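# Close look at the chain arrangement
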Amino acid sequence: MTPAEIAPKDRLIVALDLPSVDAAEAMVNRLGDSVTFYKIGYRLAYAGGLPLVGKLADQGKKVFLDLKLHDIGNTVAQGVDSITRLGATFLTVHAYPQTMKGAVEGRGSSNLKILAVTVLTSYNEDDLHAAGFRLGVSELVEARAQQAQVLGIDGLVSSPEEVGALRKIVGHQMSLVTPGIRPAGAASGDQKRIMTPGRAIAAGADYLVVGRPVVEATDSRAIAEAIQAEIAQALG
Ligand SMILES: O=C(O)c1cc(=O)[nH]c(=O)n1[C@@H]1O[C@H](COP(=O)(O)O)[C@@H](O)[C@H]1O
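Since the model is a prediction, treat every value here as computed from it, not as a measurement.

Moving on: the pattern of salt bridges. Where charged atoms from two side chains of opposite charge come close, those side chains can pair. Tallied over the full model, the rule gives 11 salt bridges. Here Asp 66 makes a salt bridge to Lys 39, at a shortest N to O gap of 2.5 Å. Taken together, the residues span a long stretch of sequence, with Asp 66 in strand β3 (residues 62-69) and Lys 39 in strand β2 (residues 37-40) at a distance of 27 residues. Taken individually, Asp 66 and Lys 39 each receive the classification buried, so the pair is uniform in this respect. With a shortest N-O distance of 2.9 Å, Glu 225 and Arg 221 are connected by a salt bridge.

In structure tokens form, the structure reads like this:
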């Protein structure tokens with residue numbers, strides 16, 4: 001499927017950043033058939049959530065397993081090989097060359113797609129400098145995208161602010177996945193590089209990852225559907 005063929009509702013990935021499998025399953029039930037794509041990250045994965053990957057896949061949902069792996073290449077390759085059997089669609093690794101190379105090796109010819117996290121959306125220039133980087137946010141995101149492309153990575157995670165530049169670098173061969181999404185008026189929390197759903201799609205993002213604005217809402221389904229409507233409108 002080319003990015004242009006992805007239906008608007010399938011472009012919303014809801015982050016199940018919830019404390020237990022029971023809470024996550026209750027959220028999935030509440031969202032019902034409105035949401036087709038879920039993300040399982042640290043909080044749920046380390047609270048017994050890994051078997052939920054296969055369970056959701058069996059229900060016809062897609063799962064983005066956000067483990068943000070980063071280790072020596074051999075360990076990453078072996079870990080990713082194990083993960084290929086869980087039933088996830090996407091898996092994140094940090095965008096370091098050895099890590100990305102190991103992930104591509106571990107993925108092999110399986111259906112799992114590897115997403116490289118370029119620069120976290122909670123980072124700005126000051127945070128990068130404090131972490132010892134000399135490059136600014138856009139330079140580092142773009143350098144990592146080029147390396148990811150050469151290494152055979154399937155997609156990139158960045159803020160929507162970088163999507164326009166990334167599309168010029170990687171074309172439509174790689175999926176561009178953007179967290180840091182905030183509907184107008186929503187609290188930004190710890191996110192620093194943010195955009196509304198409509199603007200992120202207009203900038204060229206393929207998928208939007210949204211956590212707190214949906215899972216902490218009184219009516220999660222209504223918020224998810226409003227985001228999907230904004231996505232559809234931006235696609236025209
Ligand atoms: O890899 C990610 O999904 C990710 C990368 C990034 O740069 N920023 C980022 O926020 N995320 C994840 O996206 C989700 C965003 O959640 P909210 O800020 O609650 O919408 C969280 O689960 C983060 O772990």
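This part covers the environment of Val 53. Relative to the assigned elements, Val 53 resides in helix α3 (residues 51-58). Residue Val 53 is classed as buried on the basis of its relative accessible area, which comes to 0%. For the pair Val 53 and Ile 169, spaced 116 residues apart in sequence, the C-alpha to C-alpha distance is 32 Å. The contact partners of Val 53, leaving out residues within four places of it in the chain, are Ile 40, Val 63, Leu 65, Leu 86, Gly 87 and Ala 88.

Strand order in the closed barrel made by the eight strands is β1-β2-β3-β4-β5-β6-β7-β8, with parallel pairing throughout. Averaged over neighbouring strand pairs, the angle between their axes works out to 25 degrees when direction is ignored. Across three bridges, the pairing between strand β6 (residues 155-157) and strand β7 (residues 175-178) is parallel. For Gly 155, the partnering residue across the bridge sits in β7 and is Ser 175. Where helix α8 (residues 163-170) meets the sheet, its contacts fall on β6 and β7, and the angle it forms with β7 comes to roughly 165 degrees.

Turning next to the UniProt feature "active site" (unreviewed entry) in the protein chain. In this structure's numbering, the residues bearing the UniProt feature "active site" (unreviewed entry) are Asp 66, Lys 68 and Asp 71. In this structure, Lys 68 sits in strand β3. Setting aside residues no more than four positions away along its own chain, Lys 68 makes contact with Tyr 42, Thr 92, Val 93, His 94, Val 117 and Leu 120. One can find Asp 71 in the loop between β3 and α4 (73-83).

Each value, and the rule that gives it
- Residues numbered from 1 in each chain as written.
- Predicted model: local features only at pLDDT ≥ 70, side-chain atom pairs only at ≥ 80, totals over all residues.
- Heavy atoms only, no water.
- Salt bridge = Lys/Arg side-chain N within 4 Å of Asp/Glu carboxyl O.
- Helix = DSSP H or I, 4+ residues; strand = E, 2+ residues; numbered from the N terminus.
- Buried < 20%, exposed > 50% of the residue type's maximum accessible area, 1.4 Å probe, protein only.
- Contact = heavy atoms within 4.5 Å.
- Pairing = 2+ DSSP bridges.
- Axes fitted to C-alpha atoms, helices over the stretch in contact; angles between N-to-C directions.
- UniProt positions renumbered as here; feature names shortened; annotations may be inferred.

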